[in-house]
Amino acid sequence: MKDGSWTYDNTQLWVSNSIFGFFACYPQNAGFVKDEDNFSVTMTYETSDAANEDILVATTFVDTSVDGYNETVPLTFKHLFSKVNIRVKQNKGTNERDNFIIDKITLRNVKSKGTGKAFQNIDVVWEYDNTATKTFTKDIEGDNIIDFETGIMLSDDGLLLLPQTIAANSIELEVAFRVGLEGNTDISTFESKTYKAYLPNTVNCEAGKSYTYTAQVSTYNPIVFLPPMVESWGGSQSGGTIIIK
């Protein structure tokens, strides 16, 4: 950066009647490489066990055949991944007066490896290795009765995952818990239960969005999911501009 603007070596000039594509990523060593044959940049990515790596990307196209095209190229960075979390609560409709202790939350069969391609679209397009999946587990120590309103989150900060389609009967949630019915304060007599369910396929996880699924457990199967909360994840971030003379 120089004088508040991004700069680069081998300064280029605009060429008339052409389409220019600009791509940027943060961190710089995210792993994107140029594919000269297909006029694109690609990366093969595998989600880490912690699922906590955040990558930002920006893609911009300029068509110099259009009168009055902007010679200043804005680079607006967006999150490459989706942020996903699971909140486990007791079912208010059936067990409002009972006590629940969550022992373990497990999320299985999450797509974890794919090849992303940029330049042919504004957004990165993914091709997935459907044989590569990850399981995320949270063990909760102790005998703490969960707060009725907040419940327990699978991840403190949310899992940063490849954007992916939530197909029916694909991503499995398992919850191990103990329950004591109203009036029972002897934790040693709480009944242990383990229930499984699949994430609902009502929405697909898109890059740059945050998804929180609330799973309600009760004294009987099944786990009940509330409609997922879908939010913008931090919004777009301006990364400066490139000026081509």
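Residues numbered from 1 in each chain as written. Predicted model: local features only at pLDDT ≥ 70, side-chain atom pairs only at ≥ 80, totals over all residues. Heavy atoms only, no water.

Read across the sheet, 4 strands follow the order β10-β7-β13-β14 without closing on themselves; strand pairing throughout is antiparallel. The two strands at the open ends of the sheet, each matched to only one other strand, are β10 (133-139) and β14 (191-198). Neighbouring strand axes in the sheet, compared pairwise and without regard to direction, differ in orientation by 15 degrees on average. Pairing between strand β7 (residues 99-111) and strand β13 (residues 172-180): 9 bridges, direction antiparallel. Bridging from a neighbouring strand, K104 pairs with A176 of β13. (Pairing = 2+ DSSP bridges. Helix = DSSP H or I, 4+ residues; strand = E, 2+ residues; numbered from the N terminus. Axes fitted to C-alpha atoms, helices over the stretch in contact; angles between N-to-C directions.)

In this model, the second largest pocket occupies a volume close to 430 Å³. Lining the second largest pocket are 22 residues; nearest its centre among them are K78, H79, D123, A207 and G208. Within the residue set of the lining of the second largest pocket, elements represented by two or more residues are β4 (56-63) and β5 (72-79). Of the residues belonging to the lining of the second largest pocket, the class tally is 10 nonpolar, 8 polar and 4 charged. (1 Å grid on protein atoms, 1.4 Å probe; cavity = no way out; pocket = protein on both sides within 12 Å on 5 of 7 lines; lining within 4 Å. Points joined across faces, edges and corners; volume = space filled by probe spheres on them. Nonpolar A, V, L, I, M, F, W, Y, C, P; charged D, E, K, R; others polar.)

Applying the stated rule across the entire model yields 1 cavity of 30 Å³ or more. The space that makes up the largest cavity amounts to roughly 60 Å³. V84, L107, V110, L161, L162, Q164, I166, I171, L199, C205 and Y213 are the residues that line the largest cavity. When its residues are assigned to classes, the lining of the largest cavity shows 10 nonpolar, 1 polar and no charged.

Taken together, I19, F61 and I122 make up a surface patch of nonpolar side chains, about 290 Å² in accessible area. Mapped onto the fold, I122 is located in the loop between β8 (113-118) and β9 (125-128). (Patch = residues over 30% accessible without salt bridge, like charges linked within 9 Å, V, L, I, M, F, W, Y side chains within 5 Å. Areas by Shrake-Rupley, 256 points an atom, 1.4 Å probe, with all protein chains shown as cover. Salt bridge = Lys/Arg side-chain N within 4 Å of Asp/Glu carboxyl O.)

Take the nonpolar core next. Ranked by internal contacts, the top residues of the largest apolar core, which has 32 residues, are I102 and L107. Counting only elements with at least two residues in this core, the list comes to β6 (82-90), β7, β12 (159-161), β13, β14 and β15 (209-217). It is β7 that provides the largest number of residues to this core, a total of 5 residues. In this structure, C25, I55, V57 and V124 belong to the second largest nonpolar core, which totals 18 residues. (Core = buried A, V, L, I, M, F, W, Y, C linked by side-chain atoms within 4.5 Å. Buried < 20%, exposed > 50% of the residue type's maximum accessible area, 1.4 Å probe, protein only.)

Attention now moves to the pairing of β7. Each regular strand carries side chains that alternate between the two faces of the sheet. Pairing geometry for β7 and β10, over 6 bridges, is antiparallel. Directly across from T106, in β10, lies its bridge partner T137.

So, about the environment of Y69. Mapped onto the elements, Y69 comes out in the loop between β4 and β5. The exposure class assigned to Y69 is partly exposed, which follows from its relative accessible area of 25%. Ignoring anything within four residues of it in the chain, the contact list for Y69 reads W14, V62, D63 and T64. (Contact = heavy atoms within 4.5 Å.)

With that settled, consider the environment of P228. Tracing the backbone through its elements, the reader meets P228 in the loop between β16 (224-225) and β17 (229-232). Here the alpha-carbon distance between P228 and A215, two residues 13 residues apart in the chain, equals 9.5 Å. Those residues in contact with P228 that sit more than four places away from it in its chain are T202, V203, T212 and Y213.

Tallied over the full model, the rule gives 9 aromatic pairs. Summarising the aromatic geometry, the rings of F23 and F119 are spaced 6.2 Å apart at their centres and angled 80 degrees between planes, so their arrangement reads as edge-to-face. With F23 in strand β1 (residues 19-26) and F119 in the loop between β8 and β9, the pair connects residues that are 96 residues apart, well separated along the chain. Seen in terms of ring centroids, F100 and F177 are 5.6 Å apart; in terms of plane orientation they differ by 25 degrees. Their pairing is stacked. In this pair, F100 sits in strand β7 while F177 sits in strand β13, placing the two residues 77 residues apart along the sequence. Side by side, F100 and F177 carry an identical accessibility label, which is buried. One Lys or Arg, K111, reaches over the ring of Y128 and ends 4.9 Å from the middle of that ring. (Phe/Tyr/Trp six-rings, centres within 6.5 Å; stacked < 30°, edge-to-face > 60°. Lys NZ or Arg CZ within 6 Å of the ring centre and 35° of its normal.)

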